[in-house]
Amino acid sequence: MEDGISSFWGPVTSTTEWCEKNYAYSSYIAEFYNTISNIPCILLALIGLTNALRQRFEKRFSVLHISNMILAIGSMLFHATLQHMQQQSDETPMVWEMLLYIYILYSPDWHYRSTMPTFLFLYGALFAVVHSQIRFSIGFKVHYAILCLLCIPRMYKYYIFTQDVSAKRVAKLYAATLFLGSLCWLFDRVLCKDISYWPVNPQGHALWHVLMGFNSYFANTFLMFCRAQQLGWAPKIVHFMGVLPYVKIEKPKSQ
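Residues numbered from 1 in each chain as written. Predicted model: local features only at pLDDT ≥ 70, side-chain atom pairs only at ≥ 80, totals over all residues. Heavy atoms only, no water.

Assigned secondary structure in the chain consists of nine helices and two strands. Starting at the N terminus, the α and β elements of the chain follow one another as α-α-α-α-α-α-α-α-α-β-β. Taking 18 Å as the expected radius of gyration for a compact globule of 255 residues, we find that the chain reaches 19 Å, a close match to that expectation. A buried classification covers 44% of the 255 residues belonging to the chain. Long-range contacts, defined as pairs at least 24 residues apart, comprise 62% of the intrachain contacts of the chain with a sequence gap of at least 6. (Helix = DSSP H or I, 4+ residues; strand = E, 2+ residues; numbered from the N terminus. Rg over C-alpha atoms; globule rule 2.2 N^0.38 Å. Buried < 20%, exposed > 50% of the residue type's maximum accessible area, 1.4 Å probe, protein only. Contact = heavy atoms within 4.5 Å.)

Okay, here's the thing in structure tokens:
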């Protein structure tokens, strides 16, 4: 959304802009609110990573939390600059993260253990190469939506087989933040022309970032609980300062 103010980064080269005035607060930050709204995602991912390392969860969950941080940092770079190269630093990690979720969701029942990670790694590498050479906007969104849809049936299966009330509540928070975040994203895209005449911009895309930061945290927490159950680690959901849920486990002494 152009407003004519000079910028440190030069003309916009990204294929997508959002409903926020460019360089309204600083010549170094194109979309101020869309940039800083990624901070909660980084902090939540850091909390999740600390818990995963402290209780020695499988490395896949440490990688998952780190990927959340990388994605948020890439998103900050993209919205701060609105440059095509930085756009790739946002969109490519989005795809890599979804491939990691697919691995975590489906690998417990996959009989050929080496085939899935090998295929997903090669798929992610191929996408990164193609995405670096070809600009596609709608195609990327469709591709990303398909990857997300592949995860939802498996998440629902985990939900219906989970008996723990607190864990099911975390799964419901995951679904609620996904729904609300998607509404904010659509609101920002569809009503942008109308919003430009409003006295206050509700910053729908920035709200999407915040909600998806919590969404990722809730998804990771629920998956950590389910995996701990599969491994017989007696997981339970506890709350940090009575608010933020996380998984506490008790591994058998043999482990």
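Attention now goes to the packing of aromatic side chains. Describing an aromatic ring pair means giving the distance of the ring centres and the angle of the ring planes. Taken as a whole and judged by the stated rule, the model has 15 aromatic pairs. Ring centres of Y25 and Y33 lie 5.7 Å apart, and the angle between their planes is 90°; this geometry places the pair in the edge-to-face category. Taking relative accessible area as the criterion, Y33 reaches 31% and is therefore assigned partly exposed. Pairing F187 with W198 gives two aromatic rings, centres 5.9 Å apart and planes at 55°, and the pair type is tilted. Taken together, the positions of F187 in helix α7 (residues 165-190) and W198 in the loop between α8 (192-195) and α9 (204-230) put the pair 11 residues apart, joining distant regions of the chain. Look at F187 and you get partly exposed, because its relative accessible area is 30%. Overall, W198 belongs to the partly exposed group, its relative accessible area being 40%. (Phe/Tyr/Trp six-rings, centres within 6.5 Å; stacked < 30°, edge-to-face > 60°.)

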